[in-house]
Structures are given as structure tokens and as C-alpha cells.
Amino acid sequence: MVTHEHSLRRLDFFRLRERLEGYCLSYEGQALMRSTLPCSRPESVQALKQDLALLVDVLQNRDIPPLSFPNIETLVPKAQKEGVLLEVDELFAIGLWTKSYEQLFAFLRSTLRPSSREKDQTRHPSVRPEEIDHGLSLGVGENPDDDERWALPGIEKIVFSAPSLSEIQEKIFAVVTEEGEMRDLPRIRSLRAAIQKAQAENLRLVNQYLSDPNLQDALQSNAATERDNRTVIAVKANFRGRIKGIVHEFSSTGQTVFIEPIELVERNNRLLELETRLAEEIRSILRETAEALRPLFPTLVEGRNFLAAADVRLARALQLQREDLAIAQVLKSGVHLYQARHPLLGKKAVPIDVDIPDGTKVLIITGPNTGGKTVSLKTIGLLALLNQYGAGIPALPTSGFAIFDTICADIGDEQSIDQSLSTFSGHMKVISDIAASATGRSLVLLDELGAGTDPEEGCAIAMALLDYFLDRGCMTIVTTHHGVLKNYGYTKPGCLNASMEFDAHSLSPTYRIIMGVPGESQALEIARQTGLSSQIVDVARGYLDNERSDYTALMRSLGEKQRELDQLERERRQQLQRALESRRKADLEHLRVRQRELELRRQGVAELSKFLSESRRVFENLVRELRESGRKVEEASIGREMLQNVSNEIQRQTDALARFEEETEALKGAMTSGQESLRRVDAAALRAGQKVLFQGREATVLRTLDAKKVLVQVGALRLPVAADALSLPHDEKRKEDRAARARMSYQVELSDSSDGASRASPELDVRGMRLAEAIEALSRQIDAASLAGLGTFSVIHGTGEGILAKGIHDWLKTQSAVADYYFARPEDGGFGKTWIHLKA
């Protein structure tokens, strides 16, 4: 993104980045967060959003383990120098850092494994260290403000490519305990034992002095003490000759002398020698450990970059989860915000909706002073920046932004005494820089455009700027009090007016945006509320009425008309919804009648076919008996002609039945596609992988969150949504309808066959049935075929997951009436169809 630090500062981006930085677990993550800015390339923004959705899903299932990442910024370069010794606390800090590093990446690998680890070699090839080296302030000294490489490696690539630092951890904790103390190694254990023994002997000797009755009046204290690491006795100054030894120190008052008895001198020398040897041995161990670690430190440096890359992504997910934020959608163009709040206002923020229609390039917001115009402008700009920074936004998940290459803002007072700039001059300097850098992919936000100078000239400059930005094709949102610009918004193609709502009853702003209608400034009412004398306000109102009473009345009338239109539109939608529901019920009833008629026609054709079959068999038997008896059979042609007429009639009714069935299916399809928005689904009925519709877009169900919410994936984004906001697509609904229809047909057949007899069919369709239902239908088909003399027929079970096919074949193996069965030829249905031969 082309950096406009002025705009980032005016939109409070750095304050939000600092807040997001607080969610980082490590110094490395904080350093990377401080050195990065919003992205402008769509692929970078999409990569961050995909990582955010994935990590949010991870955090919903598991908590991050307790971790501690000490700041090892100065220790790493120190440890890489030859001959440098690392102290115990420095080794412990690095060891604790590597331990937390290993725990964090183990946690991420275990949580990401189900969705990605199986295909790690194909989906997540290893990331080269240079792809993760973002030029952090980790001794590199670079600041990649315009570099978006940090955003591109996905979190799964980062996690599964991060180097292992377990060897460093093992080497450090081999000499340092988990509490940060030096371990009791064999090399120092004997020295420590000798020191403890010498200390015990010294203490025994000192206690002899302290317990001597002859010295009780000379002792200042009954406890031994130390001076210069040597054991001494506190003696009263006027009795110092009672104990022979070396005087180490006098007290500040001169009343006490600290004497080392002559018997302790050699013992203290021995103790000091042992302690010196112990310190040298410990330093030797620490130096050897540092030398052993030095070849491993390049991997540690690499690991710090991987940790930073993972940490900044994890911080975004933690913030989204804890602050109840949403992942905005990526749009091709425009801004669509719903229930958006300024992040810094907290609970005081009034949610706003900013739904800019497609094709609109300039939005002109007017309305009262202190009505929320500037806050709304800042909210739009800040959320756009956060969106392109890969962070969550305080708005509904249906909100979305286009990806802008530059987000420029001129908000607030630009007066500068140092640069001799007035308020107007300061604004013009900033706006001229914005105009020079704006492109067709820019978002330009201008507060109080045309203010600070002569109103006529200010309006002229404002309209010229809007013309310029319209020609450039950038998205421009401005606030103003100039009435001329309101007219500009009505007359200029690509422009749209909006206003901050003002409650005429309470005479106070509501801070809500009304699209399509300009607003009044309400300066007189606000002046009265802020304490200006009513007399002065009344005089001002008189001047105003003389100048523009018609215009004010017109604006007020437009506002009222717009509110009336909004109310009428809501009522119209409710009426349309009720009409659609009534139409749906009528269509369903009509469809039920047609389906029942279809079943009756099928039964009629089947009965005619059965009658024809039986008549032919009786007729052929009669003709054979006549021939065998030697009688003439010339009259048989009359019977054959009659049977042929019956056969033709059956064929005609069969063709008519086929057309009727096609029309019924077409009606069913039209109802299904036309009423898609009315088919809401229940969370309990959804399954993982199922295709659904969310706000007109195809989505995939990932899992059920609770009784009312499910997690779905829309494009690259994963969103928790209410189940009643989803609907079934046309194809999915048809599958359900076909299964229901198959079960209904089977149940109708059972209910209609009250005498226990069933009709044999050359082809049985069990698709959509459960296995038990399919086997029951097949059993009845075999019985009916045996009675009707039908030796061969087929069963259509479909392929699907193969459950029906396998279950039917396993059942056929056990049937004594079945001579053979096999799958159909590929051109005849293949594995979705089975041919069955019955025994004669």
C-alpha cells in the first residue's frame, strides 16, 4: 500500500495497531506488528483472511497453553560472538524461550493436522527461511513499510516449516533447572560438598566462641556474621583484646568491632579457595555450553522469524475472538458496512450502516453538527485499513470492502503555526497530496470539504475536486455543510447523498446514516442546546427564514418523504413475503393434486397392461386348444385385432402419462428454484460438506456449532452463521424430494396392496430409499415377478457411496429364488444398476 502516514494517523490506525500488538505472545511478534502496514494486493489480504478464519476455528476448539517468551533481543547477537560466556539467567531466558516456542508450534501442528497434515507435501510445501525473513528489528535493522511478503506464507506453511529448536532446549536445560538454577552436575557436586563441610566446621568453631561463658560480656551479638566473604564475630570495642584475631571492620558508631578469630583464618582461606574453584568450574561449564550452542544459533534466528510470522496471525485471531469481531468479505468494488462501530468508542459507539450501491463512486454526507459525520467517516476509513491489515472488524460478517491500493483521509484541523499555514491552507496542502496519488483503486475520505474559506469559492473547489475524483474512478466519501454540494449529489451521475439522522422530537442527533437523502445542519438547535441565548437564536432564525425558508422546508420535506418511503418499502416487502408464502402453499397443493393424479394414471396404465397380458395368455391358450382339436382358427384374427387395439390404447396412455410426469417435474423444479429463499434449514439437519446458500452465495457446511449456529465456508472465508439464514440449493433440494418421493411411492404401494399382491415391473427404482426399505421393495418385486412369470428384471440403486448396491448384493446371495445377478453394462447403467435372473 502506498503509505500516507498522515492518513493513518488521522484514522487512528497506529492506536489500533498498538492495541492489536498487545495480543502478541512474544517480542518478535510485537516487532513484526510494529513494522508492518495494511496490504494493498488482493492476494496478500486474502492470505491473511484465510489464516484468520483458520486460527479462529482452532481457538474455538482449544485454548493456547500457558507460554512465556522472554525478550532475547540482546542475547542472540551476544551469544553468536566467539568466546562469549552466557550467564545462568541468560541461558535460562533462551531455554525458556525455546521451550515456549516448541510448545506453541506443537499446539498449532496438532490443531491444524486434521485439515492439512495429510497433504503436507502437496498443499503445504516447505517455506524457505528467506520467505519468512521480513526484515524484523531483530538485529537486521530494516523496516519494510512497503513490503507485503510477510502476509503471503499461509499459517499452515509457516507452522509445518518452522525449524525445531529442541536441541537448543535440551542443551540448556542439561545444565540449568526449570527454575533457572545451576544443576548439581558431577563436576561441581564434590566442590559443593567440600564447601558445605568447611562451612559447617567454621560454624562449629564460631559457636564455641559464642557459647563461651567467659566471653558473654564481650560479645555484641550471639550470632556469627560475614565481612568480605569471611566469617567474623561482633565484639564490643572495649573488649576487643579478649579475642585474638584480625579486625576487619568497625561499626559506624565505633561501638562494635568485627574480628576474625585466628583459628578461623586458615579455615576461611580454605573456604574462599573452594568457592573460587566452584565459580571457575561453573564459568567453565557455561562457556562450554555457549560454545556448543553457537552453531545452533542461526536456526534460533530463523525460528524467531517463524515465531513472529505465526504470532502476528495468532494475535489477530485472539483479538477477533475476545472482542467479538467479524471477518469482512472481499468485494470487487464498493463498501458495504452493517452495524459497524468505531473500535475506540467501545460500548458508546452507535452502530452505523453504510451500504453504497454498485456504480456509486461519490458519497456526500450532510447533517447536523455533532451528528456523527466525522466519526462515521473515521469508522469507514479505519475499518477499511483493518480489513486490509488482515484483522477483524466490529461489524456484521455480511459487511465487505473492495481492496484499495491507497486509503487517504483529510480529517481534522490542519492549521500549523510553524509552517505559517491557516486551516484552509493546511487542508489544501493535504488534499493536493491526496489528489496527486489517488488512482482508480483508491479510497478518499474528506471531512468538511470546502470549509474554512469563502463559501462560494469553497464550493467551487469542492465540486472541482469531486469531478476530478470521479474522473479518476476512485471511491470518495465526503462530509459537508454546503447546500450546493447536496444539489451536486442529486444531479451528478455516480454520486449519492446521505445524511445523519436528526430526531425532530428530542432535537438531538441519532448518529444513524440515512442513504439517499441530504440532511440539514441544525445549527440553530445545537447552538441553543450548547447555551447560546434564546434571543440571539431567534434573531438568527429570522435572518435564516428570510434567506432560505423554502430550501429548508424542501430539505425537511425530502427527509420526511424518504422516511415514509422506507416505511412503505418495509411494508411492501412484508406483503410480498406473505404473498409468496400464500403462492407457495397454493403451488404445493396444486403439486400434490398433480402427483396424486400421476399415481392414479400409473395405476390405470399398470392395470391395463396386466389386463392385456392376461388376455393374451388366455387368447393364445384358446387358439392352441382349437388347433389341437383340429378346428378352424380363422376367427382368431378378430381377437388379435382387439388385443392390438387395447395395446395401442395402453401405448397412448403411457405416452400421455410420460408427458404429464414431465410437466409435473417441471412444475416441481420451478417451485423449487422460485422459492429458494423460503426454504430455511434446521441446524440439526445439516451435515459436514453439505452445500447451502448464504445470502445468495454458495457455501459449504463445515460443522454445527450449537442448536442454532453452524460454521460455513464462503469462498475462502469461514463464518459462524445462524442456521435460519441458510437455504438449500436447487440440486440438494431435488435430492431430498426424490428420496421423499421414492419413500412415498413405496408407502403408497404398500397401502394400495391391501390383498397382499404386488405388481411386478421390469425395472425397480430404489434410489433415495434406505437399505431396509429397498430390500423390502425388492422382496415384494421378486414375489410379484415369480407370480407373473417375469424371469428377469433390473434394480436401479445408483452409485453414491455404494451402500445400497452392496447391501442388495449381500441380500441376494441369501435368496433361493435368485438364479443369478450382476451389474449392468456401462452403457446400460454400470455399477448403478443390477440385473436379476430368477430360477424357473
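This structure is a prediction, so every number in the text was calculated from the model and none was measured.

Caption draft 1: How the structure looks around the overall build of the chain. For the chain, the helix and strand inventory stands at 23 helices and 23 strands. Taking all 840 residues of the chain together, the buried fraction comes to 45%. When the accessible area of the chain is evaluated, it comes to approximately 43200 Å², of which 50% is carbon and sulfur surface.

Caption draft 2: Spotlight on unusual backbone geometry. For Asp12, which is not glycine, the phi dihedral falls at a positive 65°. Note that Asp12 resides in the loop between helix 1 (5-10) and helix 2 (13-21). With relative accessibility at 14%, the residue Asp12 sits in the buried group.

Caption draft 3: Geometry of the packing of aromatic side chains. According to the stated counting rule, one finds 7 aromatic pairs in the structure shown. Seen in terms of ring centroids, Trp97 and Tyr101 are 5.5 Å apart; in terms of plane orientation they differ by 20°. Their pairing is stacked. Taken as a pair, Trp97 and Tyr101 lie in helix 6 (residues 88-116) at a separation of 4 residues, close to a single helical turn. Across this residue pair, the class does not change: Trp97 and Tyr101 are buried. An angle of 70° between the planes, with centres 5.7 Å apart, marks the rings of Tyr468 and Phe469 as edge-to-face. On the accessibility criterion, Tyr468 (29% relative accessible area) is partly exposed. Within the aromatic cluster, the residues linked to one another by ring pairs are Phe69, Trp97, Tyr101 and Phe105.

Caption draft 4: The arrangement of helix 2 in detail. Within helix 2 the residues assigned to the buried category are Phe13, Leu16, Arg17, Leu20 and Glu21. With its buried residues spanning 145° around the axis, helix 2 presents them on a single face. Those residues of helix 2 that are exposed and angled more than 90 degrees off the buried face are Arg15 and Glu18. Next to the buried residues of helix 2 lie helix 1, helix 3 (27-34), helix 13 (297-322) and helix 14 (373-388).

Caption draft 5: How the structure looks around helix 16 (residues 455-472). Here helix 16 contains 18 residues, and its C-alpha end-to-end distance of 25 Å stays within 8% of the 26 Å for a straight helix at 1.5 Å per residue. When helix 16 is considered as a whole, its buried residues turn out to be Gly458, Cys459, Ala462, Leu465, Leu466, Phe469 and Leu470. Around the axis of helix 16, the buried residues are gathered within 140° of arc, so they sit on the same side. With respect to the buried face of helix 16, the exposed residues turned more than 90 degrees away are Glu456, Glu457 and Asp471. Phi turns positive, to about 85°, at Gly473, one or two residues after helix 16.

Caption draft 6: Here's a closer look at the pattern of salt bridges. Applying the stated criterion across every chain, the model contains 27 salt bridges. A salt bridge links Lys78 to Glu90, with the nearest nitrogen and oxygen atoms 2.7 Å apart. You can see Lys78 sitting in helix 5 (residues 75-79) and its partner Glu90 sitting in helix 6, a full 12 residues away along the chain. Assessed through its relative accessible area of 28%, Lys78 is described here as partly exposed. Between Glu273 and Arg270 there is a salt bridge whose closest N-O contact spans 3.8 Å. With Glu273 and Arg270 both in helix 12 (residues 262-293), this residue pair falls 3 residues apart, about one helical turn. Overall, the relative accessible area of 41% leaves Arg270 in the partly exposed class. Here the salt bridges do not stand alone but share partners, grouping Glu28, Glu73 and Arg304 into one network.

Caption draft 7: Representation of the pairing of strand 12 (residues 475-479) in the model. Burial analysis of strand 12 places 5 of its 5 residues in the buried class, which makes it a mostly covered element. Burial along strand 12 is two-sided: Met475, Ile477 and Thr479 and Thr476 and Val478, pointing in opposite directions, are all buried. In the sheet, strand 8 (residues 362-366) pairs with strand 12 via 4 bridges, with the strands oriented parallel. Each residue of the ladder has a partner; that of Val362, found in strand 12, is Thr476. Bridging between strand 11 (residues 442-446) and strand 12 involves 4 bridges; their strand directions are parallel.

Caption draft 8: Representation of the state of the cysteines within the structure. A complete count under the given rule lists 0 disulfides for this structure. Here Cys408 stays free of any disulfide, with the sulfur of Cys474 as its closest cysteine sulfur at 8.5 Å.

Caption draft 9: Expanded view of the nonpolar core. Formed by 111 residues in total, the largest nonpolar core has its most connected members in Ile94, Tyr101, Met182, Leu337, Phe401 and Ile477. The element that contributes the greatest number of residues to this core is helix 13, accounting for 13 residues. Residues contacting Phe401, with those up to four places away along its chain left out, are Ala328, Gln329, Val330, Leu331, Gly334, Val335, Leu337, Ile380, Leu383, Ala384, Asn387 and Ile393. If you look at the next biggest cluster of nonpolar residues, it comprises 21 residues, including Ile434, Leu446, Leu449 and Val478.

Caption draft 10: Region of interest: the sheet that holds strand 7 (residues 352-355). Overall, mixed pairing links the 4 strands, which are arranged 5-9-6-7 in an open sheet. Each having just a single partner strand, strand 5 (329-331) and strand 7 make up the two edges of the open sheet. The sheet shows a mean angle of 25° between the axes of neighbouring strands, taken without regard to direction. When strand 6 (residues 335-340) meets strand 9 (residues 400-402), the two strands line up antiparallel, connected through 2 bridges. Looking across to strand 9, one finds that Val335 is bridged to Phe401.

Caption draft 11: Structural view of the packing of helix 4 (residues 42-61) against helix 13. Here helix 4 crosses helix 13 at 60°, and the two axes come no closer than 9 Å. In terms of orientation, helix 4 lies oblique with respect to helix 13. Note that helix 4 runs across helix 13; the crossing there is right-handed. Between helix 4, through Leu48, Asp51, Leu52, Leu55, Val56, Leu59 and Gln60, and helix 13, the contact on the second element is made entirely by Arg313, Leu314, Arg316, Ala317, Leu318, Leu320 and Gln321.

Caption draft 12: Representation of the environment of Thr299 within the structure. Along the chain, Thr299 falls in helix 13. Residue classification places Thr299 among the partly exposed positions, given a relative accessible area of 27%. As for Thr299 and Ile168, which are separated by 131 residues in sequence, their C-alpha atoms are 9.4 Å apart. Excluding residues that lie within four positions of it along the chain, Thr299 makes contacts with Pro163, Ser164 and Leu165.

Caption draft 13: Quick peek at the sheet that holds strand 21 (residues 792-796). Judged by pairing direction, the sheet is mixed, and its 4 strands sit side by side in the order 20-21-23-22 without closing on themselves. In this open sheet, the two strands that pair with only one neighbour each are strand 20 (763-765) and strand 22 (818-823). Averaged over all adjacent pairs, the angle separating strand axes in this sheet is 20°, with direction ignored. By the bridge criterion, 5 bridges tie strand 22 to strand 23 (residues 833-838) in an arrangement that is antiparallel. Across the sheet, the residue bridging to Phe823 is Thr834, located in strand 23. Most of the contacts of helix 23 (residues 803-813) go to strand 22, to which it runs at about 160°, and overall it touches strand 21, strand 22 and strand 23.

Caption draft 14: Quick look at the confidence of the model for the chain. Overall, the prediction assigns the chain a mean pLDDT of 79, with 79% of residues at 70 or greater. Every residue in residues 114-125 scores below 50 in pLDDT, and together they form 19 contacts with partners more than four places removed in sequence or on other chains.

Caption draft 15: Here's a closer look at the packing of helix 11 (residues 186-210) against helix 12. As a packed pair, helix 11 and helix 12 sit with axes 9 Å apart at the nearest point and diverge in direction by 155°. Here helix 11 lies roughly antiparallel to helix 12, going by the angle between them. Note on packing geometry: the crossing formed by helix 11 with helix 12 is left-handed. Grouping the constituent residues of the contact of helix 11 with helix 12 by class yields 14 nonpolar, 4 polar and 10 charged.

Criteria and thresholds
- Residues numbered from 1 in each chain as written.
- Predicted model: local features only at pLDDT ≥ 70, side-chain atom pairs only at ≥ 80, totals over all residues.
- Heavy atoms only, no water.
- Helix = DSSP H or I, 4+ residues; strand = E, 2+ residues; numbered from the N terminus.
- Buried < 20%, exposed > 50% of the residue type's maximum accessible area, 1.4 Å probe, protein only.
- Areas by Shrake-Rupley, 256 points an atom, 1.4 Å probe, with all protein chains shown as cover.
- Phe/Tyr/Trp six-rings, centres within 6.5 Å; stacked < 30°, edge-to-face > 60°.
- Arc of directions from axis to C-beta.
- Contact = heavy atoms within 4.5 Å.
- Expected span 1.5 Å × (residues − 1).
- Salt bridge = Lys/Arg side-chain N within 4 Å of Asp/Glu carboxyl O.
- Pairing = 2+ DSSP bridges.
- Disulfide = S-S within 2.5 Å.
- Core = buried A, V, L, I, M, F, W, Y, C linked by side-chain atoms within 4.5 Å.
- Axes fitted to C-alpha atoms, helices over the stretch in contact; angles between N-to-C directions.
- Parallel < 35°, antiparallel > 145°, perpendicular 65-115°, else oblique.
- Left-handed = near helix turned anticlockwise from the far one by under 90°.
- pLDDT = per-residue confidence, 0-100.
- Nonpolar A, V, L, I, M, F, W, Y, C, P; charged D, E, K, R; others polar.

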